[in-house]
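Structure assessment
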Amino acid sequence: MSESIYTLYSDEKFEKIRYYLGERGFISLDALVNFDFDELLFVPGVSELLISEAKQLLFLYKSPSSTAEETASVAEHVCEENRASLENVDIDEAERQNDQCEILSQHAVRIKDALITDVYSNVPRSAPFIIKCTNNGKLYMSQLSDIDFDQAANLKGLGIASAENLRKIYIEFINSPSLPADYSVNESLHSSTPIEYLPLSVRAKNCIKQVGISSLEGLLSLAAEDLMNIKNMGKKTCQEILTFRENASFPEPEASKLYYLEDVVSENKPIPIALLRNIGVSEQEIDLFLKNNCITIGDLCTRGLTPREYSFARIVNNYMSIPVTERFVYAIDALKDSAKVSMLRRCNGATLEEIGKELQVTRERVRQILAKTCRKLVGTAELVAGALFSSDKATFTFSNLMKLFSTEESAMYCKLVLQESDYVHYLSFFDSFINIAVCGSDIEDKLKEFTEEVIGEGINFYDNLELIESELKKYNLDYFDAVDIMNFLVHNRYRFYGDYVTKGSQPYAIVCHDAVRKFFRFDIKLDSDEDNEDMRTLRKIIAKRYHGLPLPPKNRALTAGMTRDASRLILSGRGRYCPIEKVIYSVSLFEEIRTFIQNSSQTSFYYAELFSHFKGRFMAETNINNLNFLHGMLKFLYPGEFEYERDLMIKIGELRQDVNDRLSKLLLKNGCSMTKADIKRAIPGINDFVISFSVMRLPKVIQWDYNEFNHMDNIIISREERLMLFNVIKTQTELHNGYSSDTLLFNVAKDICKDFFAGNDIKNPQNLYYVVSCLFESDYRFRRPHILSKNFPVQEISAANIAQVLLHCETDLNYEKFCHLATELGWAEGTAYSIFSDLEKDFIRVSENYYIRKNYFCISQSLINSLSELLQELVSKSGYFAFGSIFDYESFPKCSYKWNGFLLESLITEYNTGFRVISPQIRDRRYQRGIIIPNDSPFITFEDLVLGRLIADGISNLSETELLKYLKMRGLIITSAIPQELYKCPKMPFKNEVFIVKDKATKNP
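Rules and cut-offs
Residues numbered from 1 in each chain as written. Predicted model: local features only at pLDDT ≥ 70, side-chain atom pairs only at ≥ 80, totals over all residues. Heavy atoms only, no water. Helix = DSSP H or I, 4+ residues; strand = E, 2+ residues; numbered from the N terminus. Buried < 20%, exposed > 50% of the residue type's maximum accessible area, 1.4 Å probe, protein only. Contact = heavy atoms within 4.5 Å. Polar contact = N/O pair within 3.5 Å; in protein donor to acceptor, adjacent residues only side chain to side chain. Pairing = 2+ DSSP bridges. Axes fitted to C-alpha atoms, helices over the stretch in contact; angles between N-to-C directions. pLDDT = per-residue confidence, 0-100. Patch = residues over 30% accessible without salt bridge, like charges linked within 9 Å, V, L, I, M, F, W, Y side chains within 5 Å. Areas by Shrake-Rupley, 256 points an atom, 1.4 Å probe, with all protein chains shown as cover. Salt bridge = Lys/Arg side-chain N within 4 Å of Asp/Glu carboxyl O. Core = buried A, V, L, I, M, F, W, Y, C linked by side-chain atoms within 4.5 Å.

Per an unreviewed UniProt entry, the chain goes by RNA polymerase alpha subunit and derives from Pectinatus haikarae.

Let us now look at the overall build of the chain. A count of helices and strands for the chain gives 47 helices and 29 strands. In the chain, which comprises 1005 residues, the proportion classed as buried is 48%. Considering only residue pairs separated by 6 or more positions, the chain has 62% of its internal contacts joining residues 24 or more positions apart.

Among the residues making up helix 33 (residues 627–637), those that are buried are Asn628, Phe629, Leu630, His631, Gly632, Met633 and Leu634. N-capping of helix 33 is provided by Asn626, with a side-chain oxygen placed 3.0 Å from the backbone N of Asn628.

Attention now goes to the sheet that holds strand 12 (residues 604–606). In a beta sheet, neighbouring strands pair by backbone hydrogen bonds and run either parallel or antiparallel. An order of 12-14-13 is seen for the three strands of this open sheet, with the pairing classed as antiparallel. This sheet does not close on itself; its edge strands, each paired only once, are strand 12 and strand 13 (642–644). Within the sheet, the average angular offset between the axes of one strand and its neighbour, ignoring direction, is 25°. Taken together, the three bridges between strand 12 and strand 14 (residues 648–651) define a ladder with antiparallel strand orientation. When the sheet's bridge partners are listed, Ser604 is paired in strand 14 with Ile650.

So, about the sheet that holds strand 7 (residues 495–497). In space, the three strands of this open sheet follow the order 6-8-7, with antiparallel pairing throughout. On the outer flanks of this sheet lie strand 6 (458–460) and strand 7, each paired with one strand and no other. Each neighbouring strand pair of the sheet contributes to a mean axis angle of 20°, computed without reference to strand direction. Judged from the three bridges that link them, strand 7 and strand 8 (residues 500–502) form a sheet pairing that is antiparallel. Residue pairing in the sheet places Phe496 in a bridge with Val501 of strand 8.

Moving on, we come to the pairing of strand 26 (residues 931–934). Burial along strand 26 is two-sided: the residues Ile931 and Ile933 and Ile932 and Pro934 are all buried. Bridging between strand 24 (residues 881–882) and strand 26 involves two bridges; their strand directions are antiparallel. Counterpart to Ala882 in the pairing with strand 26 is Ile931. Examined bridge by bridge, strand 25 (residues 915–918) and strand 26 share four bridges and lie antiparallel to one another. Looking across to strand 26, one finds that Val917 is bridged to Ile932.

As a further point, take the confidence of the model for the chain. On average, residues of the chain carry a pLDDT of 81, and 87% of them reach 70 or more. Segment residues 177–188 is flagged for pLDDT under 50; beyond a separation of four residues in sequence, or across chains, it makes 52 contacts in the model. Between residues 250–255, whose pLDDT stays under 50, and residues either more than four places distant or in other chains, the model counts 14 contacts.

Judged by side-chain polarity, Phe689, Phe693 and Met696 come together as a nonpolar surface patch covering roughly 380 Å² of accessible area. Following the sequence through the fold, Phe693 ends up in helix 36 (residues 688–697).

Bringing the nonpolar core into the picture now. One recurring pattern in soluble globular proteins: nonpolar side chains tend to sit buried together. Counting residues in each nonpolar core, the largest one holds 81 residues, and the members touching the most others are Tyr9, Leu276, Met320 and Phe328. Counting residues per element, this core draws most heavily on helix 20 (residues 363–388), at 12 residues. Not counting residues up to four positions away in its chain, the partners in contact with Phe328 are Leu377, Thr380, Ala381, Val384, Phe405, Ser410, Tyr413, Cys414 and Val417. Among the nonpolar cores identified, the runner-up in size contains 25 residues, and Phe792, Ala822, Leu825 and Ala832 belong to it.

Structure follows, in structure tokens:
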């Protein structure tokens, strides 16, 4: 077996020579017979002195008669020759060369050694063992022990038999004969000469090495300023280096030949050049590749390399000949059991505490094991990550990582290690890694800032994809896509409901806003009514378009949630809300309104008042068309500048001045009564309802007349006048059984209290009534026009109840007596008519003036049956029969009451006779204008009946005279005037003094 070159050149200073020879295929010493040692001049860090020593050692090896003593003698002779050639070198340099010779003499006889890689490279299944040794820092055979081979049996891909075969080869290697070694020194320098061979002090060398410079060429590239910036570099040491550089000279080799990296596997080619530091390539060498536009290892493989570049790249060619994923797997297999178990359990989600219990160690010890293991593996893991990055890609997912490895378990190991890397940042919400050089270490903060700005509380994600993509570019986050952002949102507690994404305790409010904006024409009615059609439609839309969104079951709660934020849904009407996106408004107009409010001395403003003032501008410049809409927009635009109530707004920090206060002050300022029109002019925008309601709430504000109001503090009354009024009321109520009316009181008091009437401009009963109702409300009961004593026997003050008490009509009622009472009490004709109409509802009319209370009126069912038969005979001919056509009641069934039209109408109305009565709209209690028709008759109104008869008789048009004559002949009217409703009947229009009967008119209403 030929000896390996590692046997002869085992010293560390021959490392680069060994590497170069190995790359050129010179493995054994016999093969070096034909090798030209001058090629080594192109190897960076290999000096002519070192080449000379290598030649001398090979010469000694080839001399078969040389003994160990002879080899040592020759080595000493080489040192002497070197000393002789350095006579002109300074003392320090001479001493350094003497030290080199002494070291060479000490190692003249040494145990044969070789690289583990070279010894086992051709041994089957040895790759896991070689990688394990490399990861443990063992490169030479002399560093191995029996423990390494005992552990080899546990490596993945190796069995006991393979491990024993490796042990056998090791034993054979160490038992082979020893070999003498010799070195020669040459004084010339080369650009690649290592720093340690330079004639510099130890301090200078250490300073240079600490910044990553390993050769003379790197040293020459530094300026004086760069040298002074090196830590621990003093002026004396810097001057020493500068002096050396000025005096040093070395020949540059001619780069006449190009070299190529041929062993790099394709999987490793995407790895960035910058990551070569993980396999020992210096920063200066990396910079050299980058300056030559080599970004990835693949770039190195596609171009020819100069000898200088190739000398740097040979380590890359060797290391990258094996996929980095395999190197990572071998490194995992080579771990100690405790480290491997910790990694596996951690990958499966176990806590440090759980792992510690399993390994019977503390939680802190587990953390230390994991940290140390990750530091050991992170360099290789970063190379795996680099293989997944390309020049235009900043991220990769765990699924990408799994595709590189043969098993998911290995990918999980790599994922765990990379989470401790400074090269990549793990994003748990994407289950992805991102290049820190691209995104920075604050990537999650950038994403949160993007989310708060673009997504906010919620957004329709797919409607805004274009916006999201453009904003990602603006934030320099365009290496993320829409799916990545969705994952980030879900990770940050956002939730998707259909296309809409939102977060918060009540997301339905924001989502419903989007639904109203997209699917409703303008606005939506919101209230607590469960039959609200708009809200029913909204619930259907949410169920279909925003599935998964929970809504409150009750409309009341849903309305409260949707309207809580006034910046999304704007009040647009009474109980109606619209999205702000649909409002057309002018900011300048609202600024003008705001200025108007702020500059006014008034502290409170009704929305109606403001809307009335600016109504023309609203109609011309906006789509704001009511006071509620104005309320909503003011609250949206100026939420913190005013206090908003249902009907009015108040300046912040000012006292609330509601309409009650303003109305009261207005009446006092005026000093007398004011009409509604006057009040509306003084308070623009106020409506009738607000005025009436305020009058009801203000005890001192009284109604003065119809649509006219006054303030009691405007009434000037002396004690004597007050007493006179009280006595008048007392007298009148005593005269009329505890009752008086406003007219009765006015007629008496106007002569007694003339000065009071004149001083307060009291001109009618209403004026006086409202004054005394306020003055004596604790003494009497008031309800216009009635004034009652406290003991008047009615609970509810109504005209009907009062009349019944005064008329004593428990069983019957007489109209003439009622009229006499009304006149006596001063009731107006209209008031009397209204009172009697209300009163007669409890009675049955049996004649023109006489009524019997219903529960005292008796009639037999047989009489009703006989009456029904008679009425059937009367209407059988024409389908109707008018009361005015009944002249004789002899044929009517015998009755205890005298038959007349009023009694007949009462019976038809109150009892089930099978008939009903229709009449013209204008009623007159003195006349019987009604017409009897069957219950099943198609005619509902008097107009229907007339129209039906005209059509039946084939009449299409007729004049007023002709119609009047027709109605009388048919018994439809008894007066000499056509009922007014016939002039307005749409089915029988009156045009050009002619009634036109529409043939297609139906008999139904």
